[in-house]
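# What the coordinates show
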Amino acid sequence: MALMQEITGQLPQMWGPSIIGFGQYHYKYTSGREGDAPAAGFSPRKANLVIYGLTYPPGAAELLSTLGRFKSGASCIYVNKLADVDMDVLAQLIALSYQQMTTTTPG
């Protein structure tokens, strides 16, 4: 949480019952669906830590290849414990993702 707060300059905010987000962005898809979502965020689940948005930005694939042990989903990564990943690379990914989410309109 401290890392995301430092990188984003935002205070943590709960999004639903389990997502801790930092900042927000508005999305609008061509289908007409729109809404707000955290610009950076994570969910501390029992099985693993889910970190959202890290697979989107240009350059993310190269950084992810050096991150360490994790599983990936469509837009998030799943980490068993933070000791499994390189914290400097994680910080770069969070910064890259946050910048993209707050300077472009996803969708």
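The sections below set out a description of the structure shown in this document. (Residues numbered from 1 in each chain as written. Predicted model: local features only at pLDDT ≥ 70, side-chain atom pairs only at ≥ 80, totals over all residues. Heavy atoms only, no water.)

What follows concerns the side chain of Asp84. Tracing the chain through its elements places Asp84 in the loop between strand 6 (76-79) and helix 3 (87-103). In this structure Asp84 comes out as buried when scored by relative accessible area, which is 15%. Not counting chain neighbours up to four residues away, the residues in contact with Asp84 comprise Leu67, Gly68 and Arg69. (Helix = DSSP H or I, 4+ residues; strand = E, 2+ residues; numbered from the N terminus. Buried < 20%, exposed > 50% of the residue type's maximum accessible area, 1.4 Å probe, protein only. Contact = heavy atoms within 4.5 Å.)

Strand order in this open sheet of six strands is 1-2-3-4-6-5, and the pairing throughout is antiparallel. Strands with a single pairing partner mark the edges of an open sheet, and in this sheet they are strand 1 (12-15) and strand 5 (71-72). Here strand 4 (residues 49-52) pairs with strand 6 via four bridges, running antiparallel. Within the sheet, the bridge partner assigned to Leu49 lies in strand 6 and is Val79. With respect to the sheet, helix 3 is in contact with strand 2 (19-28), strand 3 (34-44) and strand 4, its orientation differing from that of strand 3 by roughly 170 degrees. (Pairing = 2+ DSSP bridges. Axes fitted to C-alpha atoms, helices over the stretch in contact; angles between N-to-C directions.)

With that out of the way, let us pick up the packing of aromatic side chains. Inspection of every chain in the model, using the stated rule, returns three aromatic pairs. On the numbers, 6.3 Å between centres and 55 degrees between planes, the contact of Tyr25 with Tyr27 is tilted. Take Tyr25: its relative accessible area is 14%, and that puts it in the buried class. Ring geometry for Tyr27 against Tyr29: centres 5.2 Å apart, planes inclined by 45 degrees, an arrangement best described as tilted. (Phe/Tyr/Trp six-rings, centres within 6.5 Å; stacked < 30°, edge-to-face > 60°.)

Attention shifts here to the pattern of salt bridges. Following the criterion strictly, the structure yields one salt bridge and no others. A salt bridge links Asp84 to Arg69; the nearest nitrogen and oxygen atoms lie 3.9 Å apart. Of this pair, Asp84 sits in the loop between strand 6 and helix 3 while Arg69 sits in the loop between helix 2 (60-64) and strand 5, and the two are 15 residues apart along the sequence. (Salt bridge = Lys/Arg side-chain N within 4 Å of Asp/Glu carboxyl O.)

You can see Phe70 is positioned in the loop between helix 2 and strand 5. By relative accessible area, which is 26% here, Phe70 ends up partly exposed. Along the sequence, Phe70 and Leu54 sit 16 residues apart, while their C-alpha atoms lie 12 Å from each other.

Shape is all these values report; function is a separate question.
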